Amino acid sequence: MNIMANTLDRGYFMYQKEFEDKALEVLRSGWYVLGREVSSFEAEFADYIGCRHCVGLASGLDALWIAFRILGFGPGDEVLVQGNTYIASVMGITINGATPVFVEPDAYYNLDASKLEEKITDKTKAILVVHLYGQASNMGEIMRIAGKYHLRVVEDCAQSHGAKFHGRMTGSFGDIGCFSFYPSKNLGAFGDAGAIVTNDDRIAEEVRIFRNYGSEKRYYNKVVGTNSRLDELQAGLLRVRLRHMDELEQQKRGICERYLGELDGEKFELPKVREDATHIWHQFVIRSDRRDELVEYLKEKGIGSIIHYPIPPHLSEAYRYLGFQKGSFPITEKYADSVLSLPLYYGMKEEEQSYVIEWMNRF
Ligand SMILES: *Cc1c(COP(=O)(O)O)cnc(C)c1O
C-alpha cells in the first residue's frame, strides 16, 4: 500500500458536485473579487465562530500581520508567542518590526500559560496564542494574565477551525482571531485564503479598509493599505465546505480515536487532549526518540509522514538576528527533534488507517 501524509483530492471528491456547481456559478457570474460570495462567507463564518465580524483576506499570514498592524504594534513592542509554532505566526509579528518573545510549550504542544508571566516586561503589548495541531489552548489562564497586564490577545487559528475551550470557539476569545484556509487546513480552500474575526466594530472596519488599498470608496484612500482581498471562487468553495464542517470534524475525530486506541502507547508518546478543550485534529502528532529512524522505516513501508516542524523559528536562519542558539528553548527543541505527524486526511479509508497502525506498532 502507498499512503501519503496528506491526499487533498479525497476531500474534494466527497462533495464534488457541490464544489463544481459552485465553481461554475461563480465563473458565470461575471464578478470575481470581493462580491456576494465573499460577504456571504464572511457572515456565515462569523456566525460559525460566534463573533460579530469576519473579514476575508488573501492568506493566513496576511491575517496575522494585518492584525498586528491594525492594533498598532511595531518596533520596540514585544509580543509573546510559543516557541514551537509554524514560522508564519512569528512573521506576523516581525513584518511589523515588533519583537517576538518566545515562551515554551506545554504537554499539549500549546503555549504554557504558567511560563507567561516571567516573560512580561514593560514593552510587552500582546500575546499571540497558536492553537497548534487543532487543539484549543488554555484560554482561561491566558485571558486572565492578559487582563491582569492589559495585554492584547491575538489568536492564530490557522489549525483550529471549530476547536473549543470550555465550549467556546477558538478565535472568539482575543481581540482578533486569525484564520488560514490554505488547502491542507481543516477548512481548506482550493488556493490561498484567510480571514480575521473580531467582536470589535472598529477593528473590523479598519481591516476591511486596509485589505483593499486603504480605500472604503473607490479611488479615495484613507490609509496606506495593501491588496489582501479574498476572491469569489475561494469564498464560494469555502461556503460549500463550511456547510459540512461538523461531519468533517467527526470524520477526523473517528480516525484519531482509532489511532489513540490502537497505536502502541508504550512505543510512542501519543497526543493528549485537555479535559476543558476540544481537538479538531488538524494533525495527529506523536513523539519518538528515534523519530528520524521511524520516518525512514515508514517510507520503506510506503507510508508518508511530515515533521511539524523540524526547525523551530528561533533556530531558523531567518531569525538568526534575534540571537538565540541551540539550547535557548529546550522543550521547543526537544519537540522539534521528536514530533512526527501521521497520515491524516478527509476520506482516509479504514484499510489505510489499519495499515498505518499495523506498521507503526511493528516498529
Ligand atoms: C498555515 C499557518 C499559517 C499561515 O497561513 P497561510 O494561509 O499559509 O499564510 C499561520 N499559522 C499557522 C499556525 C499555520 O499553520
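Quick caveat: nothing in here was measured; it's all calculated off a predicted structure.

Participant: Got a minute to help me understand helix 8 (residues 232-242) in this structure?
Facilitator: The periodicity of an α-helix, 3.6 residues per turn, causes residues three or four places apart in sequence to face the same way. Within helix 8, 10 of the 11 residues are buried, leaving the element largely enclosed by the surrounding structure. Every buried residue of helix 8 is listed here: Glu232, Gln234, Ala235, Gly236, Leu237, Leu238, Arg239, Val240, Arg241 and Leu242. In this fold, the buried residues of helix 8 make contact with helix 1 (9-13), helix 2 (16-29), helix 3 (36-49) and helix 9 (245-262). By the N-cap criterion, in which a side-chain oxygen at the helix start approaches the backbone nitrogen of a residue two or three places on, helix 8 is capped by Asp231, the distance to Leu233 being 3.1 Å.

Participant: Help me understand the site of the ligand, please; the structure alone is not making it clear to me.
Facilitator: Residues in close proximity to the ligand total 13 residues, the closest being Gly60, Asp156, Gln159, Ser180 and Lys185. One of the side-chain N or O atoms of Ser180 is found 2.7 Å from an oxygen atom in the ligand. Coverage of the ligand by the protein chains reaches 91% of its 380 Å² of free accessible surface. In this structure the site holding the ligand corresponds to the largest pocket. Put simply, the parts of the chain that give the shell around the ligand at least two residues each are helix 4 (60-71) and helix 5 (87-94).

Participant: Help me understand the packing of helix 4 against helix 5 in this model?
Facilitator: Angle between the axes and distance between the axes are the two parameters that describe a pair of packed helices. Between helix 4 and helix 5, the shortest axis-to-axis distance is 7 Å and the interhelical angle comes to 30°. With respect to their mutual orientation, helix 4 and helix 5 come out roughly parallel. The crossing of helix 4 and helix 5 is right-handed. Taken together, the residues of helix 5 that come into contact with helix 4 (itself represented by Leu61, Leu64, Trp65 and Phe68) are Ala88, Ser89, Met91, Gly92 and Ile93. Taken together, the residues that form the contact of helix 4 with helix 5 break down as seven nonpolar, two polar and no charged.

Participant: What's the story with helix 6 (residues 139-148) in this structure? I'm lost.
Facilitator: All of the buried residues in helix 6 are Met139, Ile142, Ile145 and Ala146. Looking straight down helix 6, one finds that the buried residues subtend no more than 130° of arc, so they occupy a single side. Here the buried face of helix 6 lies against strand 4 (124-130), strand 5 (152-156) and strand 6 (164-165). The positive-phi residue at the C-terminal boundary of helix 6 is His150, with phi of around 55°.

Participant: Quick question: what am I supposed to make of empty space enclosed by the protein here?
Facilitator: Summary: where empty space remains is shown by rolling a probe the size of a single water molecule over the atoms. Inspection of every chain in the model, using the stated rule, returns two cavities of 30 Å³ or more. Roughly 50 Å³ of internal volume is contained in the largest cavity. Around the largest cavity, the lining residues are Asn84, Tyr133, His308, Tyr309, Pro312, Thr332, Tyr335, Ala336 and Val339. The element contributing the most residues to the lining of the largest cavity is helix 11 (residues 330-338), with three residues.

Participant: In this structure, what is going on with the domain arrangement of the protein chain? I would like to understand it.
Facilitator: Accessible area lost on assembly of the parts is the figure often given for the size of an interface. The domains assigned to the protein chain are domain 1 (9-243) and domain 2 (245-362). With 44 residues of domain 1 at the contact, the number on the domain 2 side is 41 residues. Between domain 1 and domain 2, roughly 3,800 Å² of surface is buried when both sides are summed, and carbon and sulfur atoms account for 58% of that area. Considering only the surface of domain 1 that becomes buried against domain 2, Arg10, Tyr133 and Asn186 emerge as the three largest contributors, covering 21% of it. There are one salt bridge connecting domain 1 and domain 2. The salt bridge involving Glu352 is made with Arg10; its shortest N-O contact spans 2.8 Å. Summed over the shared surface of domain 1 and domain 2, the result is 26 residue pairs in polar contact (both at pLDDT 80 or more).

Participant: I tried to follow the sheet that holds strand 5 on my own but got confused; where do I start?
Facilitator: Strands pair in a sheet through their backbones, by hydrogen bonds, and they do so in one of two ways: parallel or antiparallel. Taken in spatial order, the seven strands make up an open sheet running 1-9-8-5-4-2-3, and their pairing is mixed. Of all the strands in the sheet, the pair left with one neighbour each is strand 1 (53-57) and strand 3 (99-103). With strand direction ignored, the average angle separating the axes of adjacent strands in the sheet is 25°. The pairing of strand 5 with strand 8 (residues 176-180) spans three bridges and is classified as parallel. The residue bridging Asp156 from the neighbouring strand is Cys178, located in strand 8. On the sheet, helix 3 packs against strand 1, strand 8 and strand 9 (194-198) and is oriented at approximately 125° with respect to strand 1. The sheet contacts of helix 4 involve strand 1, strand 2 (78-82), strand 4, strand 5, strand 8 and strand 9, and relative to strand 8 the element is tilted by about 160°.

Rules used throughout
- Residues numbered from 1 in each chain as written.
- Predicted model: local features only at pLDDT ≥ 70, side-chain atom pairs only at ≥ 80, totals over all residues.
- Heavy atoms only, no water.
- Buried < 20%, exposed > 50% of the residue type's maximum accessible area, 1.4 Å probe, protein only.
- Helix = DSSP H or I, 4+ residues; strand = E, 2+ residues; numbered from the N terminus.
- Contact = heavy atoms within 4.5 Å.
- Polar contact = N/O pair within 3.5 Å; in protein donor to acceptor, adjacent residues only side chain to side chain.
- Near = heavy atom within 4 Å.
- Areas by Shrake-Rupley, 256 points an atom, 1.4 Å probe, with all protein chains shown as cover.
- 1 Å grid on protein atoms, 1.4 Å probe; cavity = no way out; pocket = protein on both sides within 12 Å on 5 of 7 lines; lining within 4 Å.
- Sits in = over half its atoms within 2 Å of the grid points.
- Axes fitted to C-alpha atoms, helices over the stretch in contact; angles between N-to-C directions.
- Parallel < 35°, antiparallel > 145°, perpendicular 65-115°, else oblique.
- Left-handed = near helix turned anticlockwise from the far one by under 90°.
- Nonpolar A, V, L, I, M, F, W, Y, C, P; charged D, E, K, R; others polar.
- Arc of directions from axis to C-beta.
- Points joined across faces, edges and corners; volume = space filled by probe spheres on them.
- Domains from an automatic or database assignment.
- Buried area = accessible area lost by both parts, 1.4 Å probe.
- Salt bridge = Lys/Arg side-chain N within 4 Å of Asp/Glu carboxyl O.
- Pairing = 2+ DSSP bridges.

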